[in-house]
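Structure assessment
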Amino acid sequence: MVTEQFRVPGVSCQHCVHAVRKEVGALTGVVQVNVDLDNKIVTVVHSDDVEITDIVMAIKEAGYDDVTPLGIAC
């Protein structure tokens, strides 16, 4: 499993959390999605075959155009 983080400045409420979790969680191979509202960070745990671009597109589909991949979390 891989854990990656993304900065998403637009997330600000529980509705945002639900929308991001729903879209990203629907990707095959994603096992966990956490949204840190204070730091505006989305953390995704997924299998090796999930592409970063697919995660970014899912976050954008949830309504957040400003998405910056931060890389693999320690």
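Data block above holds the structure.
Below, the structure is looked at part by part.

Rules used in this analysis
Residues numbered from 1 in each chain as written. Predicted model: local features only at pLDDT ≥ 70, side-chain atom pairs only at ≥ 80, totals over all residues. Heavy atoms only, no water. Helix = DSSP H or I, 4+ residues; strand = E, 2+ residues; numbered from the N terminus. Expected span 1.5 Å × (residues − 1). Buried < 20%, exposed > 50% of the residue type's maximum accessible area, 1.4 Å probe, protein only. Arc of directions from axis to C-beta. Contact = heavy atoms within 4.5 Å. Patch = residues over 30% accessible without salt bridge, like charges linked within 9 Å, V, L, I, M, F, W, Y side chains within 5 Å. Areas by Shrake-Rupley, 256 points an atom, 1.4 Å probe, with all protein chains shown as cover. Salt bridge = Lys/Arg side-chain N within 4 Å of Asp/Glu carboxyl O. Lys, Arg positive; Asp, Glu negative; His and termini not counted. Charge placed at Lys NZ, Arg CZ, Asp CG, Glu CD. Pairing = 2+ DSSP bridges. Axes fitted to C-alpha atoms, helices over the stretch in contact; angles between N-to-C directions.

Glancing now at helix α1 (residues 14-25). Taking 1.5 Å of rise per residue, 12 residues should cover 16 Å, and α1 covers 16 Å from first to last C-alpha, within 8% of that figure. Buried within α1 we find C16, V17, A19, V20 and V24. Buried residues of α1 fall within an arc of 170° about the axis and therefore sit on the same side. For α1, the exposed residues set more than 90 degrees away from the buried face come down to Q14, H15, H18 and K22. Where the residues of α1 are buried, they touch β2 (30-36), β3 (41-46) and α2 (52-61).

Glancing now at the environment of M57. Assignment of secondary structure puts M57 in helix α2. Spatially, the C-alpha atom of M57 lies 9.1 Å from that of V67, the residues being 10 residues apart in sequence.

A grouping of D48, D49, E51 and D54 is seen on the molecular surface, where their side chains present a negatively charged patch. With respect to the element layout, D48 can be found in the loop between β3 and α2. A relative accessible area of 64% means that D48 is categorised as exposed.

Spatially, β2-β3-β1-β4 is the arrangement adopted by the 4 strands of the open sheet, whose pairing is antiparallel. Edge positions in the sheet fall to β2 and β4 (68-72), since each has one partner strand and no second. Each strand axis lies, on average, 20° off the axis of its neighbour in the sheet, ignoring direction. The pairing of strand β1 (residues 2-7) with β3 spans 6 bridges and is classified as antiparallel. Within β3, the residue paired with E4 across the bridge is V44. The sheet contacts of α1 involve β2 and β3, and relative to β2 the element is tilted by about 160°.

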